[in-house]
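Structural features, examined
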Amino acid sequence: MTSAHKIRTRIAPSPTGFLHLGTARTALYSWAYARHHGGEFVLRIEDTDVARSTQDSVDQIMASMHWLGLDYDEGPVYQMQRLGRYHEVIAQMIAAGTAYRCYSSPDELDAMREAQRARGEKTHYDGRWRPEPGKTLPPVPEGVQPVVRLRNPKEGDVTWDDLVKGPITINNREIDDLIIQRPDGVPTYNFAVVVDDWDMGITHVFRGDEHVNNTPWQINIFRALGAPLPKFGHVPVILGDDGQKLSKRRGAVSVTAYEEGGYLPEAMLNYLARLGWSHGDEELFSREQLVAWFDGSHLAKSPAQWDAAKLAWVNAQYIKQASDERLAGLVATQLQGRGVNGIEAAALAPMCGLFKDRCSTTVELADWLSMYFVAVEPSAEDLAAHVTDAVRPALESLRERLSEAAWDKAGIGAAFKETLAAHQLKMPQLALPVRVLVCGRPQTPSIDAVLALFQRDEVLARLRTV
Ligand code: GLU
């Protein structure tokens with residue numbers, strides 16, 4: 001493959017908020033497709049909505065891409081830094097007759113649409129400023145900044161073979177003369193996107209299927225420019241648990257929220273990739289496997305449904321595999337966020353090792369491990385059920401034994417065994433009250449292993465029940 005044919009993909013977020021899960025998934029497909037083919041992946045910032053675009057949002061988007069490991073070969077390219085190039089192309093199109101200035105005022109256009117509605121017609125731009133052979137255009141009004149419109153062909157079809165949806169055909173009669181530049185000289189999305197995809201040599205465009213209706217205009221602009229067409233793949237939306245489009249109102253939709261919620265980036269990547277794409281029955285795969293497998297086929301045609309329980313399951317699998325040291329660093333950050341400071345990651349590592357099998361997120365892990373650093377508050381119910389008067393003498397004698405035991409799992413285990421024998425008790429009768437008092441809850445992993453990770457004095461203090 002020559003470099004002229006190098007696969008080039010891009011993600012083109014509008015910087016008006018966090019990186020949305022849907023955009024992250026499209027970025028992931030674009031990235032994986034480029035990596036699979038040894039091509040290049042570009043980050044473009046579509047900031048032409050000046051009022052809503054912020055640098056803070058750009059920073060958040062880049063941080064989330066970095067967190068997910070979606071490295072780009074070029075960018076960020078900012079559209080607002082390319083205005084000169086857009087103006088140049090607009091001028092060429094006007095000269096070539098594929099675009100034209102339209103001086104109709106908003107009021108005039110409203111009146112036009114009103115009249116169309118009154119006649120029972122579908123509203124559309126009636127082409128009053130569209131140049132035609134032999135047509136006399138209205139006189140140019142003074143002091144009016146025109147918009148520029150695409151002179152869309154009136155005849156024929158626009159057809160493309162969508163990488164996800166298959167062949168799509170739209171008749172040009174259904175498409176208006178789109179505004180491609182606003183009166184203030186800023187291009188509209190459909191125009192800037194084409195000039196950029198052309199200039200950047202983009203060969204494959206993956207994006208959300210809310211853009212399907214834009215694609216015929218874009219194809220017509222590519223054609224008007226004599227530019228080669230990329231291939232398009234429109235990925236269906238992600239639906240929430242309730243079958244409605246995933247939106248802020250229905251829970252977390254930003255990548256950042258999941259980072260903060262204790263998900264691992266490789267789990268997120270795995271889950272997002274699988275949501276709308278499959279490789280046989282594989283549910284768990286590495287980033288390398290994804291790149292090896294992702295050739296643009298097997299993208300689902302129907303919308304994927306967000307499944308929080310499945311994501312939690314996927315994350316749990318990655319947490320199990322993660323090293324204790326890595327989890328310790330993540331849990332330390334979680335605990336710091338709760339005001340628990342000065343924790344040595346080295347002390348946390350064995351705790352992570354002991355508890356990671358039962359956690360779906362590092363937040364849950366931090367929930368467990370906070371008992372090692374913060375006083376626990378057992379519920380009245382648990383205290384009444386387990387810390388009974390009958391067991392208090394045994395707890396007291398366990399305390400005494402623990403004050404002298406070797407402070408490791410075996411030594412603690414031996415202290416329990418001796419206490420059980422001396423008081424004719426079974427393990428749960430002693431272990432449950434110890435758990436409630438020391439850990440604040442009646443279920444934990446093996447109690448000797450749990451206690452060994454506490455300071456001895458802390459355990460003795462928590463066992464003091466009178
Ligand atoms: N800025 C557009 C969006 O965020 C990009 C769409 C495209 O990829 O063409 O939806």
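Residues numbered from 1 in each chain as written. Predicted model: local features only at pLDDT ≥ 70, side-chain atom pairs only at ≥ 80, totals over all residues. Heavy atoms only, no water.

Tracing the sequence through the fold places Ser-105 in the loop between β4 (99–102) and α4 (106–118). Sequence separation of Ser-105 and Trp-129 is 24 residues, and the distance between their C-alpha atoms is 12 Å. (Helix = DSSP H or I, 4+ residues; strand = E, 2+ residues; numbered from the N terminus.)

Turning our attention to the site of the ligand. The environment of the ligand is formed by Arg-10, Ala-12, Ser-14, Glu-46, Tyr-189, Val-193, Arg-207 and His-211. Within the side chain of Arg-10, an N or O atom sits 2.6 Å from an oxygen atom of the ligand. Between the ligand and the protein, one listed contact pairs an oxygen atom with a side-chain N or O atom of His-211 at 2.7 Å. Along the lines of polarity and charge, the residues of the shell around the ligand split into three nonpolar, two polar and three charged. (Near = heavy atom within 4 Å. Polar contact = N/O pair within 3.5 Å; in protein donor to acceptor, adjacent residues only side chain to side chain. Nonpolar A, V, L, I, M, F, W, Y, C, P; charged D, E, K, R; others polar.)

The next subject is the environment of Ala-332. Considering the arrangement of structural elements, one finds Ala-332 in helix α11 (residues 324–337). In this structure Ala-332 comes out as buried when scored by relative accessible area, which is 10%. Sequence separation between Ala-332 and Trp-198 is 134 residues, and the spatial gap between their C-alpha atoms is 47 Å. (Buried < 20%, exposed > 50% of the residue type's maximum accessible area, 1.4 Å probe, protein only.)

Moving on to helix α19 (residues 456–463). Helical periodicity: at 3.6 residues per turn, an α-helix aligns residues three or four positions apart in one direction. Taken as a whole, α19 has its buried residues at Val-459, Leu-460, Arg-462 and Leu-463. Mapping the buried residues of α19 onto a view down its axis gives an arc of 165°, with all of them on the same face. The inward-facing, buried residues of α19 abut α15 (392–404), α17 (427–439) and α18 (447–452). (Arc of directions from axis to C-beta. Contact = heavy atoms within 4.5 Å.)

Our next topic: the pairing of strand β7 (residues 166–171). Here strand β6 (residues 157–162) runs beside β7; their pairing, made up of six bridges, is antiparallel. Residue pairing in the sheet places Trp-160 in a bridge with Ile-168 of β7. Following β6, the chain reverses through three residues before pairing antiparallel with β7. (Pairing = 2+ DSSP bridges.)

Considering all chains together, one arrives at 15 aromatic pairs under this definition. Plain terms: the ring middles of Tyr-86 and Phe-191 are 6.4 Å apart, the flat faces sit at 70° to each other, and that makes the pair edge-to-face. Placement of Tyr-86 in helix α3 (residues 83–96) and of Phe-191 in helix α5 (residues 189–199) is noted, with a sequence separation of 105 residues between them. Just as Tyr-86 is buried, Phe-191 falls in that class too. Ring centres of Phe-285 and Trp-293 lie 5.9 Å apart, and the angle between their planes is 70°; on these two criteria the pair is classed as edge-to-face. Residue class for Phe-285 comes out buried when judged on its relative accessible area of 4%. By the ring-pair criterion, three or more aromatic residues cluster together here, those being Tyr-29, Tyr-33, Phe-206, Trp-277, Phe-285, Trp-293 and Phe-294. In this arrangement the basic side chain of Arg-149 is found over the ring face of Tyr-125, its NZ or CZ atom lying 3.5 Å from the centre. (Phe/Tyr/Trp six-rings, centres within 6.5 Å; stacked < 30°, edge-to-face > 60°. Lys NZ or Arg CZ within 6 Å of the ring centre and 35° of its normal.)

A regular strand places its side chains on the two faces of the sheet in alternate fashion. Where burial is concerned, most of strand β2 (residues 40–45) is hidden: five out of the six residues are buried. Here strand β1 (residues 8–11) runs beside β2; their pairing, made up of four bridges, is parallel. Within β2, the position partnered with Ile-11 by the bridge is Leu-43. Handedness of the β-α-β unit built from β1, helix α1 (residues 21–36) and β2 comes out right-handed. In this structure, β2 lies alongside strand β3 (residues 74–78), joined through three bridges in parallel fashion. (Right-handed = clockwise from strand over helix to strand, strands pointing away.)

On their own, these measurements won't tell you what the molecule is for.
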